[in-house]
Amino acid sequence: STTIQDNIGGTWEEVFVPYMFSSEKAKQAYLKRLHTAQSEKFILEESVEAKLAQERAFADKDQNLKRDALLSSIKSPTLLITGEKDKLLIPENAKRVAALIPQSQLVIIPDAGHAVLFEKPDEVAKYITDFIHQK
């Protein structure tokens, strides 16, 4: 079975991690945390399942059409959060997704990359909390 790594020619750390963070400091903190988790065998089986699902999605050539139809059918209020400096899923993509979801709210967090949850956890938590408590 072909994996993402086979297609991109590198490891997660070599290919994706440099694009996930807006700063070198945040990237190094993530890598330290990742290595600690791996050395402590903290990686769960669900992580393997999530990686396989992601690989199947990348291989699905019709995924964009399916995704757009599904996004347009969402009836619940939806919060989307992205980093202003996200290089993997650029903010323009988040804007496109938000435009497809009828009751969506988009937040673009300054000075954050793809790993916005890791780089700006307090800010993300505040947006989520505020969104949940909206009446």
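Numbers given for residues are sequential positions, taken from 1 along each chain in its written order. Reporting in this predicted model follows two pLDDT cut-offs: at least 70 for local features of residues, and 80 or more for side-chain atom pairs to be given and counted; totals over whole chains, interfaces and linings ignore these cut-offs and use all residues. As a convention, hydrogens and water are excluded, and side-chain values are obtained from all of the structure's heavy atoms.

A. A look at the overall build of the protein. Each helix is a run of H or I in the DSSP string that is no shorter than four residues. Each strand is a run of E no shorter than two, and both are numbered from the N terminus. Each helix and strand in the protein was counted, giving 9 helices and 2 strands. Scanning the protein from its N terminus toward the C terminus, one meets helices and strands in the order α-α-α-α-α-α-β-α-β-α-α. When a residue's accessible area, from a 1.4 Å probe over protein chains only, is under 20% of the maximum for its type it is buried; when over 50% it is exposed; and in between it is partly exposed. Among the 135 residues that make up the protein, the fraction classed as buried is 24%. Look at the contacts in the protein between residues 6 or more apart in sequence, and 64% of them connect residues 24 or more apart. Each accessible area is a Shrake-Rupley estimate made with a 1.4 Å probe; only the visible protein chains count as cover when residues are assessed. Put simply, the protein shows about 9,700 Å² of open surface, and 57% of that area lies on carbon and sulfur atoms. Any two residues whose heavy atoms approach within 4.5 Å at even a single point are treated as in contact.

B. Examining the pairing of strand S1 (residues 78–83) more closely. Where S1 and strand S2 (residues 104–109) come together, 6 bridges link them in parallel fashion. Paired with Leu79 across the strands is Gln105, a residue of S2. If you view a crossover with the strands going away from you and the path from the first strand over the helix to the second runs clockwise, you call it right-handed. Since S1 and S2 lie parallel, the crossover through helix H7 (residues 91–100) that links them has a hand, and here it is right-handed. Only strands joined by at least two bridges in the DSSP assignment are considered to pair.

C. Focus on H7. Taken together, the buried positions of H7 are occupied by Pro91, Ala94, Val97 and Ala98. What you see down the axis of H7 is that its buried residues fit within an arc of 115 degrees, all on one side. Directions from the helix axis toward the C-beta atoms define the arc.

D. Seen up close, the nonpolar core. Formed by Val17, Met20, Phe21, Ala26, Tyr30, Leu31, Leu34 and Ala115, the largest nonpolar core amounts to 8 residues. The set of elements that each furnish at least two residues to this core consists of helix H3 (17–20) and helix H4 (24–39). Considering each element in turn, this core owes the most residues, 4 residues, to H4. Once residues within four sequence positions are removed from consideration, Ala26 is found in contact with Phe21, Phe118 and Glu119. We call a set of buried residues a nonpolar core when its members are Ala, Val, Leu, Ile, Met, Phe, Trp, Tyr or Cys and they connect through side-chain atoms within 4.5 Å of each other.

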